[in-house]
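Geometric and topological summary
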Amino acid sequence: MQEGPSIALSPQTAHFSFRRDATLPQKERGELTNHTIVPEQSRSAGGSEGLGPRNDHVGFRWLFIDFLRNVILFLYCIVVRCSLIKSQGTSEKHARLVTMALRFCPVDNSHRADLLANMAIALRCRFERTGSQDDFQSAVHLHREVLKLCPRDHPDHSSSLNDFANTLSAQYRRTRSQTDLEQVIRLLADVLELCPADHPLRVSTLSNFADALGDRYSRSGLPDDLEQVIQLRTEVLEQCPPGHPLRANALESFAIALMDRYRRSGSPGDVEQVIRLLTEVLDLCPPGSPLRVNTLNCFAIAAGDRYRRLGSPSDLEQRIRLLTEALELCPPDHPLRADTLSNFADALRDRYGRSGSLDDLEQRIQLLTEVLELGPAGHPLHGIGLGNFAFALGD
């Protein structure tokens, strides 16, 4: 994968590579596609305006002019993208930049789709930072223009659809609208059809598609959605063998899907597989890994479910050890601290019910007190914390 544009000049061709980001810069997931732009080839030799294959003085001059034009266009794309990402300006400024770009790159220019796609991605970046609907609508318009220039038989059609799906996903994460979610699912289904097993976008598309279907399952509870999520996660894991940089993420996501099925069906095989998968994730995520806290929580939940099914004290003690470590890795401002406190309080409730230890009860009350402090009135955790706190006091 190239880290940036590379420029090469030969007697007959000049080319450089465009970086087309399929995802946000902070979410590098191997979704970078290289687009090589080659100057217009020479017309047949003999015409007064033709550029023949011979490296004569006139031919080289026109080749050099074409090369400079491509370099200028590339630099302009970068300037527009950086300006859009960093700017906090108004939609009028967006319009001026778009207008300038379109004048520089007219409809019949072979680089127009790349320029429009880069601008759409930049607008999406700023939309995610600011929530500006002007940015979102402009990005959607540009994505549609790119798709017109890259129809289904175009080699860039799949990456263009993927870019569009990422922008709609950004909108869905803000609105949680069912309509937005359905649009994302339709687009990702189309992208997946265009990505064979060896396609560079297949793994990321499988993962994004599973995320979207998982969200729909959490809303609808449809078993078909959950089974499709598990199929997608299975393929992602197959595409991420030991040593792959995304294997830990693939293992954890697969484990979460299986945990959802276990809670639906109660199949002992699912929870056993979840524990095996999360054991491998912890081996791949040493202390300091950003994935470790979430994995510890997931593992603790699975161990708790197995404890409630089998009643083995070792599962309960393992759950408490996992949550103790997770809480140590969650400072007061950590986004998972409240969830970890709540999970830990649940584990202590189970142990108190088994042993009757007052120490467990006191620690549970302390944990739930902090949950209430982290989730003030109106916060989703507030009602849950109040209910658990009342139960603890009742004990």
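Here goes a summary of the coordinates provided. For every chain, the first residue of its written sequence is number 1, and the numbers climb from 1 along that sequence. Side-chain atom pairs in this predicted model are given and counted only at pLDDT of 80 or more, local residue features only at pLDDT of at least 70, and totals for whole chains, interfaces and linings cover all residues. To get the side-chain values, all heavy atoms of the structure are used, and hydrogens and water are removed first.

Quick look at the overall build of the protein chain
- Each helix is a run of DSSP H or I of at least 4 residues and each strand a run of E of at least 2, with the numbering of both proceeding from the N terminus. Looking only at helices and strands, one finds 15 helices and three strands in the protein chain.
- The 395 residues of the protein chain split such that 45% are buried.
- Every residue pair with non-hydrogen atoms within 4.5 Å of one another is taken to be in contact. Of the contacts made within the protein chain by residues no fewer than 6 positions apart, 58% connect residues no fewer than 24 positions apart. Type-normalised accessible area, obtained with a 1.4 Å probe on protein chains alone, sets the label of each residue: buried when under 20%, exposed when over 50%, and partly exposed for intermediate values.

Re the packing of helix α5 (residues 157–175) against helix α6 (residues 178–193)
- Between α5 and α6, whose axes approach to 9 Å, the crossing angle comes to 160°. The pairing of α5 with α6 is recorded here as roughly antiparallel in orientation. Judged by the sense of rotation from one axis to the other, the crossing of α5 with α6 is left-handed. Residues S158, L161, N162, F164, A165, L168, S169, Q171, Y172 and T175 of α5 touch α6, and the partners they reach there are D180, L181, Q183, V184, L187, L188, D190 and V191. Only C-alpha atoms enter the line fits that serve as axes; for helices the fit covers just the stretch in contact. Angles between N-to-C directions range over 0 to 180 degrees. Should an angle lie under 35 degrees it is considered roughly parallel, over 145 roughly antiparallel, and from 65 to 115 roughly perpendicular; all remaining angles are considered oblique. By convention the crossing between two helices is left-handed if the near helix lies anticlockwise of the far one by an angle smaller than a right angle, and right-handed if it lies clockwise.

Let's talk about the packing of helix α7 (residues 202–220) against helix α8 (residues 223–238)
- It is at 9 Å that the axes of α7 and α8 come closest, and there the two elements cross at 155°. With respect to their mutual orientation, α7 and α8 come out roughly antiparallel. Of the two elements, α7 crosses α8, and the hand of that crossing is left-handed. Here R202, V203, L206, S207, F209, A210, D211, L213, G214, R216, Y217 and S220 of α7 lie close against α8, whose contacting residues are D225, L226, Q228, V229, L232, R233, E235 and V236.
- Looking at the contact of α7 with α8, its residues break down into ten nonpolar, four polar and six charged. Three categories are distinguished: nonpolar for Ala, Val, Leu, Ile, Met, Phe, Trp, Tyr, Cys and Pro, charged for Asp, Glu, Lys and Arg, and polar for the others, with Gly belonging to the last.

A word on helix α9 (residues 247–265)
- Here the expected span of a helix is defined as 1.5 Å times the quantity of residues minus one. Given a rise of 1.5 Å per residue, 19 residues ought to cover 27 Å, and the 27 Å separating the end C-alpha atoms of α9 matches this to within 8%.
- Of the residues making up α9, those classed as buried are R247, A248, A250, L251, E252, F254, A255, A257, L258, M259 and Y262.
- On the buried face of α9, the contacting elements are α8, α10 (268–284) and α11 (292–310).
- G266 sits one or two residues past α9 and shows a positive phi near 75°.

Remarks on unusual backbone geometry
- Unusually for a residue other than glycine, R176 sits at a positive phi of about 55°.
- Checked against the element boundaries, R176 lands in the loop between α5 and α6.
- Among the residues examined, R176 registers a relative accessible area of 42% and is labelled partly exposed.

Details of the pattern of salt bridges
- For this analysis, a salt bridge means a side-chain nitrogen from Lys or Arg found within 4 Å of a carboxyl oxygen belonging to Asp or Glu. Under the definition given, this model contains 25 salt bridges.
- We note a salt bridge from R309 to E272, for which the minimum N-O separation is 3.4 Å. You can see R309 sitting in helix α11 and its partner E272 sitting in helix α10, a full 37 residues away along the chain.
- We classify R309 as partly exposed; its relative accessible area is 32%.
- Among the salt bridges present, the one from D346 reaches R349, with a minimum N-O distance of 4.0 Å. One end of the pair, D346, and the other, R349, are both in helix α13 (residues 337–355), three residues apart, so they sit about a helical turn from each other.
- Salt bridges linked by common partners bring R263, D305, R308, R319, D346, R349 and D350 together as one network.

Quick notes on α6
- For α6, which comprises 16 residues, the first-to-last C-alpha distance of 23 Å matches the rise-based estimate of 22 Å (1.5 Å per residue) to within 8%.
- Along α6, the positions that sit buried rather than exposed are D180, L181, V184, I185, L187, L188, V191 and L192.
- Buried residues belonging to α6 abut α5, α7 and α8.

Let's talk about the environment of S169
- Inspection of the secondary structure assignment puts S169 in helix α5.
- Taking the C-alpha atoms as reference, S169 lies 9.3 Å from N208; in sequence the two are 39 residues apart.

So, the environment of A250
- Among the secondary structure elements, A250 is positioned in helix α9.
- As for A250 and V236, which are separated by 14 residues in sequence, their C-alpha atoms are 6.3 Å apart.
- What A250 contacts, discounting residues up to four positions off in sequence, is V236, L237 and C240.

Some words on the packing of aromatic side chains
- Ring pairs shown here join Phe, Tyr and Trp side chains whose ring centres sit within 6.5 Å, with only the six-membered ring taken for Trp; geometry is labelled stacked below 30 degrees between planes, edge-to-face above 60, and tilted in between. The final tally for this structure, using the stated rule, is one aromatic pair.
- Centre to centre, the rings of F127 and F136 are 5.3 Å apart; their planes meet at 40°, and the pair counts as tilted.
- The class of F127 is buried, set by a relative accessible area of 0%.
- Sitting over the face of the ring of F127, R174 holds its NZ or CZ atom 5.4 Å from the ring centroid. The criterion is that NZ of a Lys, or CZ of an Arg, lies within 6 Å of the ring centre and within 35 degrees of the ring normal, and then a charge sits over that ring.

Section: the environment of F344
- Within the secondary structure, F344 sits in helix α13.
- Considering only alpha carbons, one finds F344 and L327, 17 residues apart in sequence, at a separation of 8.3 Å.
- Not counting residues up to four positions away in its chain, the partners in contact with F344 are I320, L323, T324, L327, Q363 and L367.

Notes on the side chain of R337
- One can find R337 in helix α13.
- Here a polar contact is taken to be a pair of N or O atoms separated by no more than 3.5 Å, where protein atoms must pair a possible hydrogen donor with a possible acceptor and residues adjacent in sequence count only if both atoms sit in side chains. At a separation of 2.4 Å, a polar atom in the side chain of R337 contacts the main-chain carbonyl oxygen of C330.
- Side-chain polar atoms of R337 contact the side chain of E370, separated by 2.5 Å.
- Ignoring sequence-local partners within four residues, the contact set of R337 consists of L327, C330, P331, P332, E370 and L374.

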